[in-house]
Amino acid sequence: NSTVNAARNVGGASGARNASSIGPVTVINGNRKASEANMINAVPDNGGGGMAIKLISEPNALRLAAGERGAVLARYACGVAPVKNTPMPVQILQPDATALSSCLAHLQGGGLVAMPTETVYGLAADASNASAVAAIYEAKGRPRFNPLIAHVSDLDMAQVEGQFSEYAMKLANAFWPGPLTLVVYLAPTAKTCDLARAGLSTIALRCPAHPIARELIELFGGPLVAPSATLSGRISPTTARQVAKDL
């Protein structure tokens, strides 16, 4: 918590004035070579502020603290929030039990966590928390009419969110955990908020196969929405370095 609070206040008086509407973002590194990690020692300033990065060990996680990135998503009738290029200090952590506990606290507090999956890195948030979901749309500059995929740890969690037909059950049993997203009708017991579903009566569900993603979702105890951890419209990231550079 002290790390999170310190990250929020980076920038002195300026940082205090520009309280983040997104809050801290944590990037968990899945599998990166040490040689690549050594390349992540600085990200250039692109006019509006750069990124400071600290290397600790491998494997690791990256902790990001975002500054003010513009007005909240709800103010934009078109559903697209601009993204301001602001300084985001990064602290690299080892993804052990302590790091996962820290990430869990981020999520429970409405923060964002970029987690590795077996496909690409996803920018995750509590699917039931509309403010956290809005922060994803804002961080990515993603249109809010574009629904998000809710990631679950197993089929039992998925059935709380969606109504599974006989065919959906067969597909889930055959291909989960794995890179298959199923779109099913929303269940009455669903926790995923309307904003994450863009107000639709259906929900997109996936059970990732990556052990870090599954463990984090299981620890959280509920679905995490997680679009690609990059600005909207850009190539989805497959390394922590790409996530840090883009966000």
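Residues numbered from 1 in each chain as written. Predicted model: local features only at pLDDT ≥ 70, side-chain atom pairs only at ≥ 80, totals over all residues. Heavy atoms only, no water.

Moving on, we get to the pattern of salt bridges. If you walk through the whole model with that rule in mind, you get 4 salt bridges. When the shortest N-O distance is used, the salt bridge between Lys170 and Glu166 registers 3.5 Å. Highlighted residues: Lys170 and Glu166, both in helix 7 (residues 166-175), separated by 4 residues, approximately one helical turn. The exposure class assigned to Glu166 is exposed, which follows from its relative accessible area of 53%. Among the ionic pairs, Arg234 bridges to Asp246, the shortest N-O distance being 2.3 Å. Taken together, the residues span a long stretch of sequence, with Arg234 in the loop between strand 11 (224-225) and helix 10 (240-246) and Asp246 in helix 10 at a distance of 12 residues. Relative accessible area serves as the criterion here: at 15%, Asp246 is assigned to the buried category. (Salt bridge = Lys/Arg side-chain N within 4 Å of Asp/Glu carboxyl O. Helix = DSSP H or I, 4+ residues; strand = E, 2+ residues; numbered from the N terminus. Buried < 20%, exposed > 50% of the residue type's maximum accessible area, 1.4 Å probe, protein only.)

This part is about the side chain of Thr192. In this fold, Thr192 is placed in the loop between strand 9 (181-186) and helix 8 (194-197). Looking at Thr192, its side chain comes within polar contact range of the side chain of Glu161, at 2.8 Å. Among all residues touching Thr192, those that are not within four sequence positions of it are Ala127, Ser128, Ala150, Glu161, Arg197, Ile203 and Pro223. (Polar contact = N/O pair within 3.5 Å; in protein donor to acceptor, adjacent residues only side chain to side chain. Contact = heavy atoms within 4.5 Å.)

Here we take up the environment of Ala99. Within the element layout of this structure, Ala99 appears in helix 4 (residues 97-108). Taking the C-alpha atoms as reference points, Ala99 and Ile28, separated by 71 residues in sequence, lie 8.5 Å from one another.

Counting 51 residues, the largest nonpolar core has Ile28, Met115, Phe164, Trp176, Leu205, Leu216 and Val225 as its most contacted members. Counting residues per element, this core draws most heavily on helix 5 (residues 130-140), which supplies 6 residues. Contacts of Met115, omitting those with residues within four sequence positions, involve Ile28, Val120, Tyr121, Gly122, Ala124, Ala213, Leu216, Ile217, Leu224 and Ala226. (Core = buried A, V, L, I, M, F, W, Y, C linked by side-chain atoms within 4.5 Å.)

So far we have only geometry, and geometry alone does not tell us how the molecule works.
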